[in-house]
Amino acid sequence: KFESYWPQESGGNFFSYINKSKDINRINIYVDSLDFETEKFVDFFSQFIFGFNLKSYTFNKYKTLKKEIINKKIDFKIITSKKEKIENKYKYYDAIKEGVFLTRDLVSEPPNVLNPETYVKEIKKLSRFGLKIKSYNEKDLKKLGLNALLGVGQGSDNETYLVTLEWKGKNNSLK
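Remember, predicted model here, so these are calculated numbers, not experimental data. (Residues numbered from 1 in each chain as written. Predicted model: local features only at pLDDT ≥ 70, side-chain atom pairs only at ≥ 80, totals over all residues. Heavy atoms only, no water.)

Trainee: Any chance you could break down the overall build of the chain for me, citing the residues and the numbers?
Mentor: Looking only at helices and strands, the chain has 7 helices and 4 strands in total. In the chain, the succession of helices and strands from N to C terminus is α-β-α-α-β-α-α-β-α-α-β. A sequence separation of at least 24 residues applies to 76% of the contacts in the chain between residues at least 6 apart. Within the structure as shown, the chain displays about 13000 Å² of accessible surface, and the carbon and sulfur contribution to it stands at 52%. (Helix = DSSP H or I, 4+ residues; strand = E, 2+ residues; numbered from the N terminus. Contact = heavy atoms within 4.5 Å. Areas by Shrake-Rupley, 256 points an atom, 1.4 Å probe, with all protein chains shown as cover.)

Trainee: Give a detailed account of the pairing of strand β2 (residues 75-79), specifying residues and quantitative values.
Mentor: Residues Phe76 and Ile78 of β2 are buried on one face, while the alternating residues Asp75, Lys77 and Ile79, pointing to the opposite face, are not. Here 5 bridges tie strand β1 (residues 26-30) to β2, and the two strands are oriented parallel to one another. Within the sheet, the bridge partner assigned to Asn28 lies in β2 and is Lys77. (Buried < 20%, exposed > 50% of the residue type's maximum accessible area, 1.4 Å probe, protein only. Pairing = 2+ DSSP bridges.)

Trainee: Requested: an account of the pattern of salt bridges, with residues and values cited.
Mentor: Scanning all chains against the criterion turns up 8 salt bridges. For Asp75, the salt bridge goes to Arg26, with nearest N and O atoms at 3.4 Å. With Asp75 in strand β2 and Arg26 in strand β1, this residue pair connects regions lying 49 residues apart in the sequence. The class of Arg26 is exposed, set by a relative accessible area of 56%. Of the charged contacts, one joins Asp43 and Lys89 as a salt bridge, the two residues approaching to 2.9 Å between their closest N and O atoms. Residue Asp43 is located in helix α2 (residues 38-55), and its partner Lys89 is located in helix α4 (residues 83-108); the two are separated by 46 residues in the primary sequence. When salt bridges with common partners are traced through the structure, they connect Asp94, Lys97 and Glu98 into a single cluster. (Salt bridge = Lys/Arg side-chain N within 4 Å of Asp/Glu carboxyl O.)

Trainee: How would you sum up the nonpolar core? Please name residues and give values.
Mentor: Burial of nonpolar side chains together is a common tendency in soluble globular proteins. Counting residues in hydrophobic clusters, the biggest one holds 22 residues, and the most contacted among them are Phe41, Phe45, Ile49, Ile74, Phe76, Ile78 and Ile86. If you list the elements that add at least two residues to this core, you get α1 (7-19), α2, β2 and α4. Examining the composition of this core, we find that 9 residues originate from one element, α2, more than from any other. For Ile74, the residues in contact, after removing those within four places along its chain, are Phe15, Ile18, Asn19, Ile24, Asn25, Arg26, Ile27 and Phe52. (Core = buried A, V, L, I, M, F, W, Y, C linked by side-chain atoms within 4.5 Å.)

Trainee: Got a sec to walk through the side chain of Ser135? Specific residues and values, please.
Mentor: Note that Ser135 resides in strand β3 (residues 132-136). At 3.4 Å, the side chain of Ser135 forms a polar contact with the side chain of Lys124. In this view, Ser135 contacts Val120, Lys124, Asp140, Leu162 and Val163; residues no more than four positions away in its chain are not counted. (Polar contact = N/O pair within 3.5 Å; in protein donor to acceptor, adjacent residues only side chain to side chain.)

Trainee: An account of α4 is needed here, citing residue identities and associated values.
Mentor: Maximal helix bending in α4 amounts to about 40°, located at Lys91. Among the residues of α4, Ile86, Tyr90, Tyr93, Lys97, Phe101 and Leu106 are the ones counted as buried. At its buried positions, α4 is contacted by α2 and α5 (116-124). (Bend = angle between axes of the 7 residues up to and from the residue.)

Trainee: Got a sec to walk through the packing of α2 against α4? Specific residues and values, please.
Mentor: Contact pair α2 / α4: the axes reach a minimum separation of 9 Å and the direction vectors enclose 25°. Judged on the interaxial angle alone, α4 and α2 are roughly parallel. Both α2 and α4 take part in a crossing whose hand is right-handed. For the pair formed by α2 and α4, the contact residues are Thr38, Glu39, Phe41, Val42, Asp43, Phe45, Ser46, Gln47, Ile49, Phe50, Asn53 and Leu54 on the first element and Lys85, Ile86, Lys89, Tyr90, Tyr93, Ile96, Lys97, Val100, Phe101 and Arg104 on the second. Class assignment for the residues of the contact of α2 with α4 results in 12 nonpolar, 4 polar and 6 charged. (Axes fitted to C-alpha atoms, helices over the stretch in contact; angles between N-to-C directions. Parallel < 35°, antiparallel > 145°, perpendicular 65-115°, else oblique. Left-handed = near helix turned anticlockwise from the far one by under 90°. Nonpolar A, V, L, I, M, F, W, Y, C, P; charged D, E, K, R; others polar.)

Okay, here's the thing in structure tokens:
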């Protein structure tokens, strides 16, 4: 049955299978011949693309050998008359994907590059999405009495920071 599959997992598995081939760099899938109701069709392929894209992530920032192999991209298209509906549904998954990729990038950075001060700068960039971001340096942390946190940071050459993120929901007046 169509609805019994895990579309995100299927998309990830499909990417893995295609990525093993050195010769395939473009995939076009014509899906209108599938006979499923529109809502299930749109849900399935939105999640399928999400899984495909999540699996395609690589962190190659510091790799220098075989750039053409490690940076291989697969041009993946689903050809359908329901393109707009899938694109609208996928916006939700794309936002999650971007957050996952940012997190993976930050986790993959070595600590000599992504120290607390640099990390705070990266987090502050998220304010463009409507997050209220406040950072606290060591002076602020002392005023707040967060001595245990400061104690942990004493063993480092880097300054200790605490960052709070506040989200009050989407502003409905903005479209």
